[in-house]
Structure formats: structure tokens, C-alpha cells
Amino acid sequence: MRFVDEFREPELISKTAEEIRRLAGTERQYRMMEVCGGHTHAIYRFGLKDILPENIELIHGPGCPVCVLPMGRIDDGLAIAQQPEIIFAAFGDMMRVPGAQGSPLEHKARGMDVRIVYSPSDALKLARLNPEKHVMFFAIGFETTAPSTALTLMRAKAEGIRNFSVFCNHVTIIPAIRAILDSPDMRLDAFIGPGHVSTVIGCRPYEWVAANEHKPIVVSGFEPLDMLQSVVMLLNQLRRGEARVENQYKRVVPWEGNRAALRAMAEVFQLRPYFEWRGLGFISQSALRLRDTYAEWDAEQRFDVPGIRVTDPKAAQCGEVLKGVLKPHQCKLFGRECTPEHPIGALMVSSEGSCAAYFNYEHRKAALTSLRSIA
Amino acid sequence: MCLAIPGKIVEISSDNQDSALVDIVGVRRKIDLGLLQDDKPVPGDWVLIHVGFAMSKISEQDANDQMNTLRLLGEVEGAVQEVQGYGLEGVQ
């Protein structure tokens, strides 16, 4: 409990941890998946694993958009941006993500006009500032980010800004959860639902998980107390044999979501028939593309896309880690060939990926402990 | 990228009701309010901001708690650098 005194209401945290130990007992194992990469990052950073009893296992889910993006999509985006009039704009998270021919940052070093933007609206601003250039925004993210891209495209259309386009890689969370549950080697008891995705989609879309798969799901905030309370709520449901959707993050997440955001997404996007996810393969209806009414702002319709496919090395066991069959350190490449500095597999490329989070916190902690034991 | 940052609405643009100036731990920037058009914030309100768009209205207490979480996660510096827009903010 390294930071426990700095947390809000440390006494309540200790009480909640006791409650978890009482509810979890010792007879059985509980396997809970946190879907969101932000939760994964927080769990490691806060050392929550040290607070939870050993029979509660947290499995890190697919909710890191940078991690699940196939390498070929990066290569496709960068291939389009080889044209000299194009400015390649993307979030900072994307800049070091390797494509087969290098990362966006490496392409910048070779002369490509690559810009980091904080917001899709800043990418649109770049287009206004550079009328002689074409700004292509490389869009990634789940439903948290997709409405902002949608609204930016609506603004571009309304203003008639034609030197702007979006290379769309937005994905949706529910089909990914379904794909994980469909996998035959999967054994999960419950889900900690994503916080900020749910501010947009609300809690209702998770009801099928509860109803059809008989798995409880609790939408959770990011503070240590939030996540511990969510574990209590899940344990209570599991002990009673229930499977319902509950909202622990009520102070931010409305049950119905954000209707204005959903309207913007519906106006601009439609579902792709299928999309490839790194580590999970092709998942039907799991990603968004621009509607034909936005064809003029769709980089995939405006430019030739090579359609590059790069398969992950066979030795990388990202899929097994994503599904919780293996722990990050049980992968053959973990910490040897595959590190945050030289990521080979999907889950090592972003600090929100489970392998990178595990490497940064657990691995270093273990290394320090063994150093101390030698000294 | 998935962590949102809280900000306080300073003023709504007079020429564009969907644009507001916010204060994020002392840093000011323009954000888009278009995703809150069903429940418009007013100056003094706190909002959770994600990639330059206000995602939801929150209480001042929640804003402080969220900031504390970001601080404990070691994310504040990076987040503030982000909202400054890598040099783009302030350019008209």
C-alpha cells in the first residue's frame, strides 16, 4: 500500500480492503477483467495488486487503443503522408508507435511533416493555418475520443474546409468484450467497466454482458477507492449469483450516456463490417468509418491506401495475455526481445498496455528486490 | 490518452456558443462545448475535458479529486503540456 496515505479517505480504503478480504474468503479464485487501459495503468501505479487478496486476479483487457491498432494501419497512414503536400497529425501517444517502416517520429526525422496535436480540433486548426497543405488527422480511440473526431468533421464540413481529412481507426468497446468472451480458453468471472468510455455510451450497452453471458459488470472510476469499491460490488454480485450492470462512477457517468456525443457519432460514422485488432484478430462490426456524406473528408476515400498487413511475430503471445490466459511475464518475449523501448507485441507499445504497465512497475520492483537481496 | 483532465469554465466565446475559455491548473485554453449541448455549462462550472472537448459537467469536489488522481498517477505535467496544444494554442 505504497501511496495509501496520499489517497482520498485512506481510512475508507483500508476498510474497503478489509471488506474485500472478508467477501473474497479463501475457497475460490475470482478473475476480473478491467477493460480500460487507464484502469490498468492506475492499478499498477497505485499498487492495488498489493492491496487485493491473492485469490482475486485482475486480468488486463483490450482497452488501450494504441495497443490494439494493427501495425499495417500505421504504415497505411504514413504511406499516404509520403505525398509532400500532406501534414500527418496525430496524438502524442501515436508518435513512437512503430510501423514496419518506423514510427511517425522516425518518419518526421526523415523529412515527413508530422505534427503532434492534443485535439482533433487542433488538427483542423492546422488546416486553417496551412491552406496550401492538406492536414490528415490519424484518428484513434474508443468511444471516448470518437465523438470529438465526429464533431471536428461536422465543423470542417460546416465551414467548408476541404484541405482536411481523417484516417479513421476508431474502435468500439462492446464487440471487443464479446470477442474475448467468445474465446474458448477464456475464464472470466466479472468485468470492471471503463469509466470515460461510459460517459459517452452510458451503462445500457453492457446489459447484454450481464444478461447473455451471466457476467456482472461495474462501471468504475479511476481513483484507488473507486476501483476497490467496484471490486466489492462485483464480489457481492458473484456471491449472490447475480449478474447485473452497476454504476460505481455515478458522479461522472450518466446511465444513458451523453446523447449529444452519440448523435455526433451517428451523424458522421457508420460501423465497418469488420476490423483487425492486434492480438485479437478480425472482429465484426468493431470499428467505425466515415459515412459517404463525409467522403470528402475521409482519407481512405480520398487517397490510395496500400492496405498493408503486418503480422505480429508468432512468438509474441499478445492474444493470450489479452484474454488473461497468460500473465505478461509468462510470454516468451517479455522483458527480453520485447520491452517498452523496443516493443514487438501490441501490449508493450503504450504505457496503458498491460505488458508495458507490468514491465514499468512490477518488473522494475522485482529487479530492485533481487538487487537488494544480492547487496 | 484515456484520462480526462478537469477544467473550470472562465468564459463562453461571444461569437461562438460552442467555444469556451477554461482554466486547467492555471493554464488557459479554448475548448469545444459541442458535446454538452444538451446541458450547457456556464462560467464557473467544472467540466471533464478529453482531447479538447468537454465530456461531462462535474462538481468542484470531483474536479479536485480527479486532479489528485492525475497527480498520483504522475500524469499532470504531461496533461498540462498536452492541453497547451504543443504551441498551437493562442495561434489564431
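Computed from a prediction, not measured in an experiment: that's the story for all the values here.

Enquirer: What is the right way to look at the overall build of chain B in this model?
Expert: Within chain B, the secondary structure is distributed over 2 helices and 5 strands. For 92 residues, the compact-globule estimate of 2.2 N^0.38 gives 12 Å, and chain B sits close to it at 12 Å. Summarising its shape, the C-alpha atoms of chain B cover approximately 40 × 30 × 20 Å along the three principal directions. The burial tally for chain B puts 43% of its 92 residues in the buried class. Intrachain contacts of chain B at a sequence separation of at least 6 include 39% that bridge at least 24 residues.

Enquirer: Please explain the sheet that holds strand β1 (residues 30-36) of chain A as it appears in this structure.
Expert: Hydrogen bonding along the main chain pairs the strands of a sheet, whether they run parallel or antiparallel. All names here are of chain A. Taken in spatial order, the 5 strands of this open sheet run β2-β1-β7-β8-β9, and their pairing is parallel. This sheet does not close on itself; its edge strands, each paired only once, are β2 (56-63) and β9 (245-247). Strand-to-strand twist in this sheet, taken as the mean axis angle between neighbours without regard to direction, amounts to 20°. Where β1 and strand β7 (residues 190-193) come together, 3 bridges link them in parallel fashion. Looking at the pairing, E34 lines up with I192 of β7.

Enquirer: Looking at this model, I keep getting lost on the domain arrangement of chain A. Mind explaining?
Expert: Much of the literature gives interface size as the accessible area that the parts lose upon coming together. Residue and element names in this part refer to chain A. Here the domain parsing of chain A yields domain 1 (4-61 + 179-247), domain 2 (67-171 + 287-302) and domain 3 (318-374). The gap between the C-alpha centroids of domain 2 and domain 3 is 30 Å. In this assembly, 5 residues from domain 2 lie in contact with 6 residues from domain 3. Classifying every residue of the side of domain 2 that touches domain 3 gives 4 nonpolar, no polar and 1 charged.

Enquirer: Just to check I follow, could you spell out the nonpolar core for this structure?
Expert: Generally speaking, nonpolar side chains in soluble globular proteins are found buried as a group. Within the largest apolar cluster, 146 residues are counted, with the highest numbers of intra-cluster contacts made by M32, F88, A89, M136 and F138 of chain A together with I49 of chain B. Here F138 of chain A is in contact with G77, F88, A89, A90, M94 and F167 of chain A, once residues within four sequence places are set aside.

Enquirer: What am I meant to see in the interface of chain A and chain B here?
Expert: Taken residue by residue, the interface counts 40 residues in chain A and 30 residues in chain B. When the residues that make up the side of chain A that touches chain B are grouped by side-chain class, the tally is 17 nonpolar, 13 polar and 10 charged.

Enquirer: It is not clear to me how helix α12 (residues 224-240) of chain A should be interpreted in this structure. Could you clarify?
Expert: In an α-helix there are 3.6 residues to a turn, and that puts residues three or four apart on one side. Between its terminal C-alpha atoms α12 of chain A stretches 25 Å, which fits the 24 Å expected from 17 residues at 1.5 Å a residue. G241 of chain A lies just past α12 of chain A and shows a positive phi near 75°.

Enquirer: When you look at the environment of Q248 of chain A in this model, what are you seeing that I'm missing?
Expert: Residue and element names in this part refer to chain A. By secondary structure assignment, the location of Q248 is in the loop between β9 and α13 (259-268). Q248 gets classed as buried once you count the C-beta atoms within 10 Å, which come to 23. Residues Q248 and I192, 56 residues apart in the sequence, show an inter-C-alpha distance of 9.8 Å. Ignoring anything within four residues of it in the chain, the contact list for Q248 reads V218, V219, S220, G221, D226, Q229, S230 and M233.

Enquirer: Would you take a moment to explain the pairing of strand β5 (residues 53-58) of chain B for this structure?
Expert: Across a regular strand the side chains alternate sides, sitting on one face of the sheet and then on the other. Residue and element names in this part refer to chain B. In terms of residue burial, β5 counts as a mostly covered element, since 5 of its 6 residues are buried. Relative to β5, strand β4 (residues 46-50) is paired through 5 bridges, and the arrangement is antiparallel. Bridge assignment links L48 to a residue of β5, and that residue is S56. Linking β4 to β5, which pair antiparallel, is a turn of 2 residues; within it V51 sits at a positive phi near 40°.

Enquirer: Can you walk me through the pairing of strand β1 (residues 5-12) of chain B in this structure?
Expert: Residue and element names in this part refer to chain B. In this structure, β1 lies alongside β4, joined through 4 bridges in antiparallel fashion. Within the sheet, the bridge partner assigned to G7 lies in β4 and is V47. Here 4 bridges tie β1 to strand β2 (residues 19-24), and the two strands are oriented antiparallel to one another. Its bridge partner lying in β2, I9 is registered against V22. Where β1 hands over to β2, the hairpin turn is made up of 6 residues, counted between the paired strands.

Enquirer: For this particular structure, what's the right way to read the packing of helix α8 (residues 146-159) of chain A against α13 of chain A?
Expert: How two helices sit against one another is set out by the angle between their axes and by the gap between those axes. All names here are of chain A. Their axes nearest at 8 Å, the elements α8 and α13 cross at an angle of 60°. For the element pair α8 / α13, the angle class is oblique. Crossing of α8 over α13 shows left-handed handedness. Mapping the contact onto sequence places A146, P147, A150, L151, L153 and M154 in α8 and A261, A264, M265, E267 and V268 in α13. Residues that form the contact of α8 with α13 fall into these classes: 10 nonpolar, no polar and 1 charged.

Calculation notes
- Throughout this description, residue numbers start from 1 for each chain and increase along the sequence as written.
- For this description, chains carry letters from A and ligands carry numbers from 1, given in the order in which they are written.
- Selection of residues for local features in this predicted model requires a pLDDT of at least 70, selection of side-chain atom pairs for listing and counting requires 80 or more, and totals for whole chains, interfaces and linings are taken over all residues.
- To qualify as a helix, a DSSP run of H or I must reach at least 4 residues; to qualify as a strand, a run of E must reach at least 2; elements of each kind are numbered from the N terminus.
- The quantity called the radius of gyration is restricted to C-alpha atoms. Its globule counterpart is 2.2 Å times the number of residues to the power 0.38.
- Residue burial is a threshold on neighbouring C-beta atoms within 10 Å of the residue's own C-beta, all placed from the backbone, with 20 or more meaning buried, 12 or fewer meaning exposed, and counts in between meaning partly exposed.
- Residues are scored as being in contact if the C-beta atoms we place from backbone atoms lie within 7 Å.
- Pairing between strands is defined by DSSP: at least two bridges between them are needed.
- Axis angles are defined between N-to-C directions and span 0 to 180 degrees, where every axis is a line fitted to C-alpha atoms and, for a helix, only to the segment in contact.
- For the domains described, the bounds stem from an automatic or database domain assignment.
- Ten residue types, Ala, Val, Leu, Ile, Met, Phe, Trp, Tyr, Cys and Pro, are classed as nonpolar, four, Asp, Glu, Lys and Arg, as charged, and the remainder, Gly among them, as polar.
- Buried Ala, Val, Leu, Ile, Met, Phe, Trp, Tyr and Cys residues whose C-beta atoms connect them within 7 Å together make up a nonpolar core.
- The span expected for a helix works out to 1.5 Å for each residue beyond the first.
- By definition in this entry, angles of less than 35 degrees are roughly parallel, angles greater than 145 are roughly antiparallel, angles of 65 to 115 are roughly perpendicular, and the rest are oblique.
- Each crossing gets its handedness from the near helix: less than a right angle anticlockwise from the far helix is left-handed, clockwise is right-handed.

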